[in-house]
Amino acid sequence: SAFSHYVDGRVVEAISRSGRPINLWGESRNLSILFSDIAGFTTLSEKLTPENLFSLMSLYLSKMTDILTKQGGTLDKYIGDAVMGFYGAPLENHHHAIDACETALKMRDALPDFNRELKDQGFDPIDFRVGIATGNVMVGNIGSHDRFNYTVLWDTVNLASRLEGASKEYGTHIIVPEWTYLEAKEQFIFRKLDKIAVKGKTEGVFIYELIAKKTEQASEKFDFKVYENYETGLMKYFASEYLEAWKIFESNALVDPPSAILAKRCLAILEGKIHIENGIYHMENK
């Protein structure tokens, strides 16, 4: 029971049932990885005493971890204010991409009440971003001969982390790559955002903003005309029709942060300040 406070209880149970010694081992699995990170955490931490920061983080991490595990996720680790989890191990789960997307939306849904709780305790409200990626990874016990971490490794993990960071550039909250989108598109509303190469990579991937679950209420809550205009502009952008794309993005810019970002980029391309090949935008930040 005590050990399960440090390691996900399902990991403890799976290791116990296996009957094998706890050794360094791993296997290739198709999983979904989730990274969540507080926006502006450095600035936030500078405003708080160490005791208050510890209290705030305990509240935040408890809330987000509870949502993650209830959706079937395995908590991997905390990295400062970041939460890293994965879906599809140790227990196999063929709808792990759907569960990861559900987690991200439930995290976002919990934020208003959580911020009211923070306000009642004298804290400023917070915001956070999420990156999700689906693909093959190595999962298992990794570490030294006497210290283990049940975790995941491979490019998919790096991509999830980079997409969380990319949300800052696009002014969005949840970004997924095409593989996650294809697995979850029947259950959720997405919009295609861009084609990017994350820092350190040359190959481009299509990325999507996760907007909402497909419900009747979603059609009332969101202005889908804005998203439709954006994707029309994106088609012009990928066809190298940058002036037409700029006009469409600019018409959305005041109400849609990604439109403002792409309008600015189109203008920079037209002015010869940047060059785009094969529609791939190379991210400069992690």
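Keep in mind the model is a prediction, meaning the values are calculated, not measured.

*Asks:* Residues and numbers for the overall build of the protein, please.
*Replies:* Each helix and strand counted, the protein has 10 helices and 9 strands in total. The C-alpha radius of gyration of the protein comes to 20 Å, within 12% of the 19 Å expected for a compact globule of 286 residues. Counting only C-alpha atoms, the protein reaches 65 × 45 × 40 Å along its principal axes. Split into buried and exposed, the 286 residues of the protein put 46% on the buried side.

*Asks:* Describe the packing of helix α9 (residues 242-252) against helix α10 (residues 257-270), and please don't skip the residues or the numbers.
*Replies:* One can describe the packing of α9 onto α10 by two numbers: an axis separation of 8 Å at closest approach and a directional angle of 150°. The orientation of α9 relative to α10 falls into the category roughly antiparallel. The crossing of α9 and α10 is left-handed. Touching Y242, L243, A245, W246, F249, E250 and N252 of α9 are S259, L262, A263, C266, L267, I269 and L270, all from α10. In terms of residue class, the contact of α9 with α10 is built from 11 nonpolar, 2 polar and 1 charged.

*Asks:* Before we move on, could you go through the pattern of salt bridges and cite the residues and values that matter?
*Replies:* Applying the stated rule across the entire model yields 15 salt bridges. Residue E209 is joined to R191 by a salt bridge in which the shortest nitrogen-to-oxygen separation is 2.7 Å. Placement of E209 in strand β8 (residues 205-213) and of R191 in strand β7 (residues 188-197) is noted, with a sequence separation of 18 residues between them. Residue classification places E209 among the buried residues on the basis of a relative accessible area of 12%. Note that K236 and E241 form a salt bridge whose closest N and O atoms lie 3.4 Å from each other. In this structure, a network of salt bridges that share partners links the residues E102, K106 and K213.

*Asks:* Explain unusual backbone geometry to me, and be specific about the residues and the numbers.
*Replies:* Residue P90 is bonded to the preceding A89 through a cis peptide linkage, with omega at 5°. Mapped onto the elements, P90 comes out in the loop between β3 (82-87) and α4 (96-120). Phi angles above zero are rare outside glycine, and W154 is one such case at about 140°. Tracing the backbone shows W154 in the loop between β5 (148-153) and α5 (155-170). Even without a glycine there, the phi angle at S240 is positive, about 65°. Mapped onto the secondary structure, S240 falls in the loop between α8 (224-238) and α9. Owing to a relative accessible area of 46%, S240 belongs among the partly exposed residues under this scheme.

*Asks:* Requested: an account of α10, with residues and values cited.
*Replies:* The first and last C-alpha atoms of α10 sit 20 Å apart over 14 residues, in line with the 20 Å expected at 1.5 Å per residue. Among the residues of α10, those classed as buried are P258, S259, L262, A263, R265, C266, A268 and I269. Each element contacted by the buried residues of α10 is listed here: α5, β7, α8, α9 and β9 (281-282). G272 sits one or two positions beyond α10 and adopts a positive phi of about 75°.

*Asks:* Account for α5, with residues named and values stated.
*Replies:* Look at α5: 22 Å from first C-alpha to last across 16 residues, which is about the 22 Å you get at 1.5 Å a residue. Regarding α5, the residues found buried are T156, V157, L159, A160, R162, L163, E164, G165, A166, S167 and Y170.

*Asks:* Report on the nonpolar core, specifying residues and quantitative values.
*Replies:* Soluble globular proteins tend to bury their nonpolar side chains together. Residues I33, V152, Y170, I196, Y237 and F249 are the most contacted members of the largest nonpolar core, which totals 37 residues. Ranked by residues supplied to this core, first place goes to α5 with 6 residues. Look past the residues within four positions of F249 in its chain and what remains in contact with it is Y230, G233, L234, Y237, S259, L262, A263 and C266. Counting 35 residues, the second-largest nonpolar core is a separate cluster that includes L44, L56, Y87 and F190.

*Asks:* Give me the environment of V11: which residues, what numbers.
*Replies:* Looking at the element boundaries, V11 is found in helix α1 (residues 9-18). Taking relative accessible area as the criterion, V11 reaches 2% and is therefore assigned buried. Spatially, the C-alpha atoms of V11 and P50 are 32 Å apart, while their sequence positions differ by 39 residues. Aside from chain neighbours lying at most four places away, what touches V11 is T74, P90 and Y150.

Scoring rules and cut-offs
- Residues numbered from 1 in each chain as written.
- Predicted model: local features only at pLDDT ≥ 70, side-chain atom pairs only at ≥ 80, totals over all residues.
- Heavy atoms only, no water.
- Helix = DSSP H or I, 4+ residues; strand = E, 2+ residues; numbered from the N terminus.
- Rg over C-alpha atoms; globule rule 2.2 N^0.38 Å.
- Buried < 20%, exposed > 50% of the residue type's maximum accessible area, 1.4 Å probe, protein only.
- Axes fitted to C-alpha atoms, helices over the stretch in contact; angles between N-to-C directions.
- Parallel < 35°, antiparallel > 145°, perpendicular 65-115°, else oblique.
- Left-handed = near helix turned anticlockwise from the far one by under 90°.
- Contact = heavy atoms within 4.5 Å.
- Nonpolar A, V, L, I, M, F, W, Y, C, P; charged D, E, K, R; others polar.
- Salt bridge = Lys/Arg side-chain N within 4 Å of Asp/Glu carboxyl O.
- Expected span 1.5 Å × (residues − 1).
- Core = buried A, V, L, I, M, F, W, Y, C linked by side-chain atoms within 4.5 Å.

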